Amino acid sequence: SLLKIIPQIGKVVWIGIWSEKKGNISSIESVLVKKSTGIEGDHFKGSSSGKRQVTLIQKEHLRAVASILGIKSIDPKLTRRNIVVSGINLLSLKDQQFRIGNVILETTGICAPCNLMETNLGKGGYNAMRGHGGITARVIAEGKLKLDDKVELL
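Definitions and cut-offs
- Residues numbered from 1 in each chain as written.
- Predicted model: local features only at pLDDT ≥ 70, side-chain atom pairs only at ≥ 80, totals over all residues.
- Heavy atoms only, no water.
- Pairing = 2+ DSSP bridges.
- Helix = DSSP H or I, 4+ residues; strand = E, 2+ residues; numbered from the N terminus.
- 1 Å grid on protein atoms, 1.4 Å probe; cavity = no way out; pocket = protein on both sides within 12 Å on 5 of 7 lines; lining within 4 Å.
- Points joined across faces, edges and corners; volume = space filled by probe spheres on them.
- Nonpolar A, V, L, I, M, F, W, Y, C, P; charged D, E, K, R; others polar.
- Buried < 20%, exposed > 50% of the residue type's maximum accessible area, 1.4 Å probe, protein only.
- Core = buried A, V, L, I, M, F, W, Y, C linked by side-chain atoms within 4.5 Å.
- Contact = heavy atoms within 4.5 Å.
- Salt bridge = Lys/Arg side-chain N within 4 Å of Asp/Glu carboxyl O.
- Polar contact = N/O pair within 3.5 Å; in protein donor to acceptor, adjacent residues only side chain to side chain.

Caption draft 1: Layout of the sheet that holds strand β4 (residues 38–39). With antiparallel pairing, three strands are arranged side by side in an open sheet as β4-β3-β10. Where the open sheet ends on each side, the last strands, each with one partner, are β4 and β10 (143–146). For strand β3 (residues 30–34) and β10, the ladder comprises four bridges, and the chain directions are antiparallel. Its bridge partner being in β10, leucine 32 is matched across the sheet by lysine 144.

Caption draft 2: Structural view of the layout of surface pockets. The calculated volume of the largest pocket comes to roughly 300 Å³. As for the largest pocket, its lining consists of 18 residues, of which Trp18, His43, Phe44, Arg52 and Arg80 are closest to the centre. Of the residues contributing to the lining of the largest pocket, the split by class is seven nonpolar, five polar and six charged.

Caption draft 3: Highlighting unusual backbone geometry. Even without being glycine, arginine 80 reaches a positive phi, approximately 60°. Counting through the fold element by element, arginine 80 comes out in the loop between α1 (59–69) and β6 (83–86). Of the residues examined, arginine 80 reaches a relative accessible area of 14% and is grouped as buried. Although it is not a glycine, aspartate 95 adopts a positive phi angle of roughly 60°. Relative to the elements of secondary structure, aspartate 95 occurs in the loop between β6 and β7 (97–100). Exposure remark for aspartate 95: the relative accessible area of 63% places this residue in the exposed category.

Caption draft 4: The arrangement of the nonpolar core in detail. Judged by nonpolar contacts, the single largest core of 24 residues is most densely connected at Leu56, Phe98 and Ile100. Not counting residues within four places of it along the chain, the set of residues in contact with isoleucine 100 comprises Val12, Leu56, Ile83, Leu105, Leu145, Asp149, Lys150 and Val151. Trp18, Ala66, Ile74 and Met117 belong to the second-largest nonpolar core, a separate cluster that totals 13 residues.

Caption draft 5: Expanded view of the pattern of salt bridges. Applying the stated criterion to the full structure yields four salt bridges. A salt bridge links lysine 11 to aspartate 148; the nearest nitrogen and oxygen atoms lie 3.8 Å apart. Note that lysine 11 is positioned in strand β1 (residues 10–18) and aspartate 148 in the loop between β10 and β11 (150–153), a separation of 137 residues in sequence. Given the relative accessible area of 37%, lysine 11 is considered partly exposed.

Caption draft 6: Region of interest: the side chain of aspartate 42. Assignment of secondary structure puts aspartate 42 in the loop between β4 and β5 (54–58). Classification of aspartate 42 by relative accessible area gives buried; the value is 3%. A polar contact is formed between the side chain of aspartate 42 and the side chain of asparagine 82, at a distance of 3.3 Å. The contacts of aspartate 42, once residues within four sequence positions are left out, are Gly16, Ile17, Trp18 and Asn82.

Right, dumping it as structure tokens:
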């Protein structure tokens, strides 16, 4: 029963998409999220299971990773995640559905770091991101999400 008690309400503080694999990420203010393909305009459509249609990371974890690496801050673009949120523990949403704006997502797993983190964040970046990489999610109900939208458990 404790897993259903999440009184915190987070908010979206950054949204990013990249139109081509390993291309540049564009920071945007709002985006359409579709049930069949995930984030509109993003090159990554997720696997056939749809388990990785959207990737999310906590702003608080970006600070932790920066601290581990001994740097002041991390540009969210370098993490290659779609959405940065603050004020809610994303891992508390494991196996649960949650709402961002009018979009409903369901956590499908942990977003483990890839070898690009070593390149993007510098030596030790991969291991610094372990345990701080955020979550993956599938789209349950499509809609539009934007900066400052609330993130809350359903």
